Amino acid sequence: MMQSGERVEVDVTAIAHGGHCVARHDGQVIFVRYAIPGERVVVEITDVSKSFARGNCVEVITASPHRITPPCKYAHVGGCGGCDFQHIEVSHQRTLKALIIKEQFQRLAKEEVEIVVEEVAPTLHWRNRMEFSVSEGGKLGLFAARSSKIVEIERCLIASEAIDISEINQRKLPKGKRVDVAITSRGEKEIVIEGRDNHSLIHEVVDDFEFSLNPISFWQSHKQAAPLLSKVVKEFAQVKSGDHVFDLYGGAGLFAAALLSEIGPGGRITLIESDDNAITDAKRNFATEERVEVVQGKVERSLQKYVAANVVVLDPPRSGAGASVIDSVVTLKPRSIVYVACDPAALARDTAYLRDRGFALEKIRAFDLFPMTAHMECVARFMPA
């Protein structure tokens, strides 16, 4: 049995969900950060459980041809944990993400999917929403990987260039608190310091629809994500005039707004969301739109009063929808289901639930909306089998 702090030399064989690579030593699996499949490396073990160990690559013996010098000076062992893949050439990051999706579908859905993770520019300075923590020194920072340690940073290479960390650090920041920064498509900047209720509403424009938002409400972080996902959801949904569409986990209404032009004067959209801030935003955004019904509540419970749907769109949290929500959706007998997923494992699991209840995966696309990290976004369409 390996011990924490021990160093072992291993061959890295595969990529795993969550951004770790897989290696084995004396028959035990090790999940390794800062490595690339195909490399031989020295791993320092950080923690050990009964079934596997975790560790960091601290020396590269045989390097992958896809290894690069990280562009960010904080991307190293013990440094900022915000990025998983800074040491990997960006096109190969997408190759690895496609392998993660394929493996999750093989393992959890027992299905083979052919997938290419599509590039979405830019791959640096793409993030318009950032959440920082304040260090004991009163400076902005991000957590180290798998740690409560806050690493102070002067600049973040995935954050929008409009997020000026040095300027924010000039303020008197409360230690241990959260600082949210939002940059909008209209160029607005809002800084929200936890415990100080002094922020204003911000505004996003997607396809001529203007959203009014609380800056701490959920919104897609990549500057191209909202228009791109709106376009793909509209394409996948194939909404017809007069349809009743359900927008589950609908947030402030991004997809509801995208589908308004499709439902015609006799159609309607039911948006269901549980978060207080998002519901307030959605009600404000659709205050003059009689075709949109905004419902606050848990999705499974809220769906019980409905008997039918033409199209269902769902964008659940990272944990996915789950069996009970899938049951409720299937009961509505929709013509199609469009599932937006930020976690391929949850999507694969829910794909199996849908297949068992008579809905087959008909189409799937994946987008690299989180460059330099192990995350990606998928959009899938399910049709009655």
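A brief structural summary. Everything numeric in this text was worked out from a predicted model, so none of it was measured.

## Brief notes about the overall build of the chain
For the chain, the count of helices and strands is eight helices and 20 strands. For a compact globule of 385 residues, the expected C-alpha radius of gyration is about 21 Å, and the chain comes in at 22 Å, within 12% of that figure. Accessible surface, the chain: about 17,000 Å² in total, of which carbon and sulfur atoms supply 48%. The distance from the centre of the 47 positive side-chain charges to the centre of the 52 negative ones in the chain is 2 Å.

## Quick word on the side chain of Ser 336
By secondary structure assignment, the location of Ser 336 is in strand S18 (residues 336–341). Within the structure, the side chain of Ser 336 is placed 3.4 Å from the backbone oxygen of Ala 237, a separation counted as a polar contact. The residues contacting Ser 336, other than those within four sequence positions of it, are Ala 237, Asn 310, Val 311, Val 312, Phe 382 and Met 383.

## Observations regarding the pattern of salt bridges
Considering all chains together, one arrives at 28 salt bridges under this definition. For Glu 114, the salt bridge identified is with Lys 102, shortest N-O distance 3.5 Å. With Glu 114 in the loop between helix H1 (90–109) and strand S6 (117–119) and Lys 102 in helix H1, the pair connects residues that are 12 residues apart, well separated along the chain. With a shortest N-O distance of 3.3 Å, Arg 186 and Glu 188 are connected by a salt bridge. On the basis of relative accessibility, which here comes to 44%, the residue Arg 186 falls in the partly exposed class. Connected through shared salt-bridge partners, Glu 118, Glu 235, Lys 363 and Arg 365 make up one network.

## Quick notes on the sheet that holds strand S1 (residues 7–15)
Pairing is mixed in the closed barrel, where five strands are placed in the order S1-S2-S3-S5-S4. Along the sheet, successive strands turn relative to each other by an average axial angle of 50°, direction set aside. Sheet topology places strand S2 (residues 21–25) next to strand S3 (residues 28–33); five bridges connect them, and they run antiparallel. For Val 22, the partnering residue across the bridge sits in S3 and is Phe 31.

## Looking at the environment of Glu 167
Relative to the assigned elements, Glu 167 resides in helix H2 (residues 165–168). Taking the C-alpha atoms as reference, Glu 167 lies 39 Å from Ala 346; in sequence the two are 179 residues apart. Leaving out residues up to four positions away in the same chain, Glu 167 has contacts with Lys 189 and Ile 191.

## Considering the packing of aromatic side chains
Each aromatic ring pair is summarised here by two numbers: the centre-to-centre distance and the angle between the ring planes. Taken as a whole and judged by the stated rule, the model has six aromatic pairs. Seen in terms of ring centroids, Trp 126 and Phe 370 are 6.0 Å apart; in terms of plane orientation they differ by 90°. Their pairing is edge-to-face. Residue Trp 126 is found in the loop between S6 and strand S7 (129–134), and its partner Phe 370 is found in the loop between strand S19 (359–368) and strand S20 (377–384); the two are separated by 244 residues along the sequence. For the pair Phe 246 and Tyr 306, a centre-to-centre distance of 5.0 Å together with 80° between the ring planes defines the contact as edge-to-face. Of the two residues, Phe 246 sits in strand S14 (residues 244–248) while Tyr 306 sits in the loop between helix H6 (299–303) and strand S17 (311–314), which places them 60 residues apart along the sequence. Here Phe 246 matches Tyr 306 in class, with each residue buried. Put simply, the rings of Phe 209, Phe 211, Trp 219 and Phe 286 pair up and form one aromatic cluster. The ring of Tyr 34 has Arg 33 sitting right over it, with the charged end atom 5.1 Å from the ring centre.

## Quick look at the pairing of strand S12 (residues 202–206)
The buried fraction of S12 is high, at four of five residues. Judged from the five bridges that link them, S12 and strand S13 (residues 209–213) form a sheet pairing that is antiparallel. Each residue of the ladder has a partner; that of Ile 202, found in S13, is Leu 213. Counted along the chain from S12 to the antiparallel partner S13, the turn is two residues long, and its residue Asp 207 has a positive phi close to 50°.

## Details of the nonpolar core
Counting residues in hydrophobic clusters, the biggest one holds 66 residues, and the most contacted among them are Phe 132, Val 179 and Val 379. When near neighbours in sequence (up to four residues on either side) are disregarded, Val 379 contacts Leu 229, Val 232, Val 233, Phe 236, Val 338, Tyr 339, Val 340, Lys 363, Ile 364, Arg 365 and Phe 367. One finds Val 299, Val 330, Leu 354 and Ala 380 within the second-largest nonpolar core, a separate group that totals 59 residues.

## Overview of the sheet that holds strand S11 (residues 189–193)
Ordered in space as S9-S8-S7-S10-S11, the five strands form an open sheet in which the pairing is antiparallel. Edge strands, defined here as strands with exactly one partner in the open sheet, are strand S9 (150–152) and S11. The mean angle between the axes of side-by-side strands here comes to 40°, regardless of whether they run parallel or antiparallel. Here two bridges tie S7 to strand S8 (residues 140–143), and the two strands are oriented antiparallel to one another. Across the sheet, Val 134 pairs through a bridge with Leu 140, a residue of S8.

Rules used in this analysis
- Residues numbered from 1 in each chain as written.
- Predicted model: local features only at pLDDT ≥ 70, side-chain atom pairs only at ≥ 80, totals over all residues.
- Heavy atoms only, no water.
- Helix = DSSP H or I, 4+ residues; strand = E, 2+ residues; numbered from the N terminus.
- Rg over C-alpha atoms; globule rule 2.2 N^0.38 Å.
- Areas by Shrake-Rupley, 256 points an atom, 1.4 Å probe, with all protein chains shown as cover.
- Lys, Arg positive; Asp, Glu negative; His and termini not counted.
- Charge placed at Lys NZ, Arg CZ, Asp CG, Glu CD.
- Polar contact = N/O pair within 3.5 Å; in protein donor to acceptor, adjacent residues only side chain to side chain.
- Contact = heavy atoms within 4.5 Å.
- Salt bridge = Lys/Arg side-chain N within 4 Å of Asp/Glu carboxyl O.
- Buried < 20%, exposed > 50% of the residue type's maximum accessible area, 1.4 Å probe, protein only.
- Pairing = 2+ DSSP bridges.
- Axes fitted to C-alpha atoms, helices over the stretch in contact; angles between N-to-C directions.
- Phe/Tyr/Trp six-rings, centres within 6.5 Å; stacked < 30°, edge-to-face > 60°.
- Lys NZ or Arg CZ within 6 Å of the ring centre and 35° of its normal.
- Core = buried A, V, L, I, M, F, W, Y, C linked by side-chain atoms within 4.5 Å.

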